[in-house]
Amino acid sequence: MAENKILDLEERIGKGRASRRGRGVDELGEAAPLLESKGADELTEKVIFINRTAKVVKGGRRFHFSALVIVGDKNGRVGIGFGKAGEVSDAIKKGGEIARRNMVRIALRDRTIPHEVYSRYDGAEILMKPASPGTGVIAGKTPRAVIELAGIKDVLSKSLGSNNPVNLAKATLEALKKLRLREEIYQARGKEIKKPQEPQPTAQAGQDQNTEAGK
C-alpha cells in the first residue's frame, strides 16, 4: 500500500517538473501524504516530509529529493532518519535505514511521560507535559509522529519556535531522550527509594476507641 502511494507521488512530482519553472527549491512537505508502513521486524515507519530541490545545469534541471522518516516500535524505541537521493522511493528507503540505525530507548511511565521536559534544536522548541489517562496525544503533525511511534498514548505538547519539520522532529526526539525515571535517578546517585510508611494510630484515636468500648 505504501509503495503504491510512493509511486503515485513520484508520478505527480514528475508531471509538475515541466510546469514549474524558475524555482530552485520546491517544498512538498505540506502536500505530501503521510505514508505509513510496518516491516517484518514489527517497526512502524512514517514519512512526514518530502522536499524537492532543482539544480540548473547546461542541459536543463536536475532534481533531487530528501525525505524525513520516523521509525519506532511503539514500545519505547524510536529513531529519525533524513535520506537524500535522486528518486523519492530511494530517499525514503535511505531515511528508513538511517532511522533504524539511530533508534534510541525512551523512558516511559505507563501511557505517558514521567515528568515535564523542554528541548530546543536550532530554531525549534517544544514543551511536553504528562497527561492523565484518556487525554490522548495533543501535538502537531511532526511531534505527533515521533511521540506515537515512541509508544506514548497521553501527553500534552506545545511547539514554541520554528515549525521546520526537520528541526522540530529532532527537538522532539531530544526532549524524549531527556526523560528519566525516578528509579534511574536514585540508582545513579546510589540511593534507595524509601517506601511510604503506613500511618500509625495516634494517642487520641486510641482514647476514642476506649471511650466507645466503655459505652
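Engineer: Where do I start with the sheet that holds strand β8 (residues 124-130) in this structure?
Structural biologist: Two orientations exist for strands paired in a sheet by backbone hydrogen bonds: parallel and antiparallel. Sheet architecture is open: 4 strands sit in the order β7-β8-β10-β9, paired in mixed fashion. Both outer strands of the open sheet, β7 (117-121) and β9 (137-138), are each paired with one neighbouring strand and no more. In this sheet, strand β10 (residues 155-159) lies alongside β9 in parallel orientation, the contact comprising 2 bridges. By the bridge assignment, Ile-138 is partnered in β10 with Leu-156. Along the sheet face, helix α4 (residues 165-177) touches β7, β8 and β10 and points at about 40 degrees away from the line of β8.

Engineer: Where do I start with α4 in this structure?
Structural biologist: An α-helical segment advances 3.6 residues per turn. Residues three or four places apart therefore align on the same side. For α4, with 13 residues, the first-to-last C-alpha span of 18 Å sits near the 18 Å given by 1.5 Å per residue. Most of α4 sits inside the fold, with 10 of its 13 residues counted as buried. When we look at burial in α4, the residues that qualify are Pro-165, Val-166, Asn-167, Leu-168, Ala-169, Ala-171, Thr-172, Leu-173, Ala-175 and Leu-176. Measuring from the side-chain oxygen of the N-cap residue of α4 to the backbone nitrogen of Val-166 gives 3.0 Å; that N-cap residue is Asn-164.

Engineer: Explanation requested: the pattern of salt bridges in the structure shown.
Structural biologist: Pairs can form between side chains of opposite charge whenever their charged atoms are close. Throughout the structure, instances matching the rule amount to 7 salt bridges. Between Glu-148 and Lys-46 there is a salt bridge, with the nearest N and O atoms lying 3.1 Å from each other. With Glu-148 in helix α3 (residues 141-150) and Lys-46 in strand β3 (residues 44-57), the pair connects residues that are 102 residues apart, well separated along the chain. Overall, the relative accessible area of 26% leaves Glu-148 in the partly exposed class. What makes Lys-46 buried here is its relative accessible area of 7%.

Engineer: Got a minute to help me understand the nonpolar core in this structure?
Structural biologist: Burial of nonpolar side chains together is a common tendency in soluble globular proteins. If you look at the biggest cluster of nonpolar residues, it comprises 30 residues, and the most contacted ones within it are Ile-70, Val-78, Met-128 and Leu-176. Listing elements by their share of this core, those giving two or more residues are β3, β4 (60-72), β5 (77-85), β8, α3 and α4. If you tally residues by element for this core, the top one is α4, at 7 residues. Among the nonpolar cores identified, the runner-up in size contains 15 residues, and Ile-50, Val-71, Val-88 and Met-103 belong to it.

The rules we used
Residues numbered from 1 in each chain as written. Predicted model: local features only at pLDDT ≥ 70, side-chain atom pairs only at ≥ 80, totals over all residues. Heavy atoms only, no water. Pairing = 2+ DSSP bridges. Helix = DSSP H or I, 4+ residues; strand = E, 2+ residues; numbered from the N terminus. Contact = heavy atoms within 4.5 Å. Axes fitted to C-alpha atoms, helices over the stretch in contact; angles between N-to-C directions. Expected span 1.5 Å × (residues − 1). Buried < 20%, exposed > 50% of the residue type's maximum accessible area, 1.4 Å probe, protein only. Polar contact = N/O pair within 3.5 Å; in protein donor to acceptor, adjacent residues only side chain to side chain. Salt bridge = Lys/Arg side-chain N within 4 Å of Asp/Glu carboxyl O. Core = buried A, V, L, I, M, F, W, Y, C linked by side-chain atoms within 4.5 Å.

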